[in-house]
Protein chains: 2
Amino acid sequence: MSNAARRGRVTTRGPAITDVARVAGVSVPTVSRVITGSTPVRAEKRERVLAAIAQLGYRPNGAARALVAGHQKAIAVLTGGTTRYGYASTLQGIEEAARLAGYIVMITVIDSEEPALISSTVDLALAHPVAGVIVLKFDAASVKALHQLPAGLPVVAASGGRSSGVPHAVLDDTAAASQATEYLLSLGHRTVHHVAIPAAGRRSGRVVGWRKALERAGAEVPEVLQSDWDPITGYRLGQQLARRERVTAVLCGNDEIAMGVMRGLHEQGRRVPDDVSVVGFDGHPLAAVATPALTTVEQDFVGLGRRAFDLLAGLVNDQHPPQNSLATPRLVIRESSGPPSVR
Amino acid sequence: MSNAARRGRVTTRGPAITDVARVAGVSVPTVSRVITGSTPVRAEKRERVLAAIAQLGYRPNGAARALVAGHQKAIAVLTGGTTRYGYASTLQGIEEAARLAGYIVMITVIDSEEPALISSTVDLALAHPVAGVIVLKFDAASVKALHQLPAGLPVVAASGGRSSGVPHAVLDDTAAASQATEYLLSLGHRTVHHVAIPAAGRRSGRVVGWRKALERAGAEVPEVLQSDWDPITGYRLGQQLARRERVTAVLCGNDEIAMGVMRGLHEQGRRVPDDVSVVGFDGHPLAAVATPALTTVEQDFVGLGRRAFDLLAGLVNDQHPPQNSLATPRLVIRESSGPPSVR
DNA sequence: CAGCGCGCTTGAAAACGTTATCATCCTGAC
DNA sequence: GTCAGGATGATAACGTTTTCAAGCGCGCTG
């Protein structure tokens, strides 16, 4: 009230703690003590304060609190996107864990690899008071963003790759890709082709694991087919693969692409799994109801997000860098994979 | 430096504007003027200030800025989830628009319908300084959250339903469902069954539009099959539908459920579209590569998010409530729908 | 029974880091 | 020499928590 009257702004600045104190007939710190519960307040006064708060519809000003506290109960998430299954699920895990710990999540998408744009986007995110940052290091842009973060700020990365200086929550993509490749080889396929999604670094864990498994088995290592994130691209690559007679098994960088590949093979008359086996990556909910149902490597993205937040919380509270955290994905065998047809 | 030395806290409080002023040999307001560009500063001093900023790695404190400004360049998004296609895409649109306007997005998931939990979640979100709130009103929990928001706070809703007091960005679900239903009837189907997703209010626009179209055509209105968000549930309902001989056309509440339904029908030996036509909703990227490719009602969720933010920005800046915004979805015909088989 | 000290409440004042306001100083033009 | 106007610094907000000191009641001790 006093504020609104004083300034000409139409943006009503809501009641402040001083207004509550005046209405309740107590001092400002007493109101603060009632709200935070930091110090006992005599019951009678507490009631008066609570009544005044309710009457005025008072809400503590977060900015003022953050200013004195030195940090906000908020974290920033830098990510390459929000829509793809992996991103969205990891985000879900982070948000859940954060909310339970009383933190709010600010999300900023890095949608360009141009340094200047990355820089201004990072600045935008850090212009707000945050306790720490989680970087979803699934693509190249996020990696660059990670390097632009100022020292002294608590930072955690979450990804499928190897560590890189900051505390890391990891899904072991390399082991997972090896496992899937070995499974296909064990079915009798002479080799396994790979359709790769955009990678975070020079080489993605998925590509590395696939290649290693082939080399260990002494199998030929075919050239990688590079895809983007769009299932339609997977579809086109599937059509290409269909034209190559010798292709009998394909490991795809994610389930969305795998479903596109299956469609491309299907349209060119190659049956899955009779002619070609297809294995995806991620455990997308739709993989289970695809036709044929997609064999995939299930990843616990939600758990990844949760672990990333726990790491960050540890960093913020205990100061000492926590243990990195690693989880190994699980192969789920469905209909899209089987032994090669005898010819 | 001075701060870190003064307090025992390990959390280094980074350099403040006073440190920059001291190093640069100018007053604090001058530093502020250099940063904000609000007032010209003599070139020589400006250089010194910029040098000091770079040297110290100074970053303006967002909390202090928000405190004096009276509000933060941030908005809160209340949503029922982040992973489903509609939610994630709308979020993407909001984030993009917000980022371009220099706003950051705080996201809070309402994952329970229990009033007490909703209340504490809303409180968590509003404990931080935000310029306004966008509610993704796709489900019942978000609607309840919307009603808990304090008056005086700029609020915008985004949904597929009808308005409800606050400015609204809308996708016309009702018209879209009618269009899809009319399309199926025009193919010669005697009626159209509906598998519904969880609704925001008592009746969802999708159900209403479907029913209206049937009634207008004088067709029988079958009982609605209620689904949750999991494609597996769609799969089970598809199996159920397969057992009913008279079912020849199914409109599903979203594409994920539709893909589950197709799978369920397929497993029970009913061919899509020869025996049963299936139409989805949303325009999920995977609908295009499903087998058969799914006919669907494409929704511009990203645009919805963008419009919701624009509405909120207008509300925050111009004070006067902006026009609501409505977009009509578009039917995309693919392989999963066709005329009923003659018997 | 008086005096002392302790613990519980409470309020005054300082601090957090920034921007806005106002007065002052300097420079240059008439 | 005076006046206008641009650049600059001192000071006051913004709303909260923290620190410090003081008031008060009570039990213990001499």
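An unreviewed UniProt entry lists chain A under the name LacI family transcriptional regulator, with Phytoactinopolyspora halotolerans as the source organism.

Draft legend 1. Broad picture of the sheet that holds strand β8 (residues 249-252) of chain A. Residues and elements named next belong to chain A. What the 4 strands build is an open sheet, ordered β7-β6-β8-β9; its pairing is parallel. Since the sheet does not close on itself, it has two edges, and those belong to β7 (225-226) and β9 (277-279), each with one partner. Bridging between strand β6 (residues 193-196) and β7 involves 2 bridges; their strand directions are parallel. Note on β7: the bridge partner recorded for valine 195 is leucine 225. With respect to the sheet, helix α9 (residues 173-186) is in contact with β8 and β9, its orientation differing from that of β8 by roughly 165°.

Draft legend 2. A look at the packing of helix α2 (residues 17-24) of chain A against helix α3 (residues 28-36) of chain A. All names here are of chain A. For the pair α2 and α3, the least separation of the axes is 8 Å and the interaxial angle reads 100°. As summarised for this structure, α2 and α3 are arranged roughly perpendicular, according to the angle between their axes. For the pair formed by α2 and α3, the contact residues are Ile17, Thr18, Val20 and Ala21 on the first element and Val28, Val31 and Ser32 on the second. Among the residues forming the contact of α2 with α3, the class breakdown is 5 nonpolar, 2 polar and no charged.

Draft legend 3. Structural context of the pattern of salt bridges. Going through the model one piece at a time under the given rule, you end up with 30 salt bridges over all chains. A salt bridge links A:Glu267 to A:Arg263, with the shortest nitrogen-to-oxygen separation between them at 3.0 Å. Of this pair, A:Glu267 and A:Arg263 both sit in helix α12 (residues 255-267), separated by 4 residues, roughly a single helical turn. With a relative accessible area of 4%, A:Arg263 lands in the buried category. Notably, a salt bridge pairs B:Glu96 with B:Arg306, separated by 3.9 Å at the nearest N-O pair.

Draft legend 4. Focus on the packing of helix α9 (residues 173-186) of chain B against helix α10 (residues 205-216) of chain B. All names here are of chain B. Interaxial distance between α9 and α10 falls to 7 Å at its minimum, and their mutual angle equals 40°. Classified by the interaxial angle, the pair formed by α9 and α10 is oblique. Crossing of α9 against α10: the hand is right-handed. In this structure, α9 uses Asp173, Thr174, Ala177, Ser178, Thr181, Glu182 and Leu185 to contact α10, whose residues at the interface are Gly205, Arg206, Val208, Gly209, Trp210, Lys212, Ala213, Leu214 and Arg216. Classifying every residue of the contact of α9 with α10 by side-chain character gives 6 nonpolar, 5 polar and 5 charged.

Draft legend 5. Region of the structure containing the relation of the copies chain A and chain B. When chain A is brought onto chain B, the operation consists of a screw motion whose angular component is 180° and whose axial shift is 0.0 Å, with 0.1 Å RMSD remaining. Interpreted geometrically, this transformation is the action of a two-fold axis.

Draft legend 6. Representation of α9(B). Residues and elements named next belong to chain B. In this model, α9 (14 residues) spans 20 Å end to end at C-alpha, consistent with the 20 Å of a helix rising 1.5 Å per residue. Within α9, 10 of the 14 residues are buried, leaving the element largely enclosed by the surrounding structure. Turning to α9, its buried residues number three or more, namely Asp173, Thr174, Ala176, Ala177, Ser178, Ala180, Thr181, Tyr183, Leu184 and Leu185. Contacts from the buried residues of α9 go to β5 (168-171), α10, β8 (249-252), β9 (277-279), β10 (296-298) and β12 (330-332).

How each quantity is defined
- Residues numbered from 1 in each chain as written.
- Chains lettered and ligands numbered in written order.
- Predicted model: local features only at pLDDT ≥ 70, side-chain atom pairs only at ≥ 80, totals over all residues.
- Heavy atoms only, no water.
- Pairing = 2+ DSSP bridges.
- Helix = DSSP H or I, 4+ residues; strand = E, 2+ residues; numbered from the N terminus.
- Contact = heavy atoms within 4.5 Å.
- Axes fitted to C-alpha atoms, helices over the stretch in contact; angles between N-to-C directions.
- Parallel < 35°, antiparallel > 145°, perpendicular 65-115°, else oblique.
- Nonpolar A, V, L, I, M, F, W, Y, C, P; charged D, E, K, R; others polar.
- Salt bridge = Lys/Arg side-chain N within 4 Å of Asp/Glu carboxyl O.
- Buried < 20%, exposed > 50% of the residue type's maximum accessible area, 1.4 Å probe, protein only.
- Left-handed = near helix turned anticlockwise from the far one by under 90°.
- Least-squares fit on C-alpha atoms with pLDDT ≥ 70 in both.
- Expected span 1.5 Å × (residues − 1).

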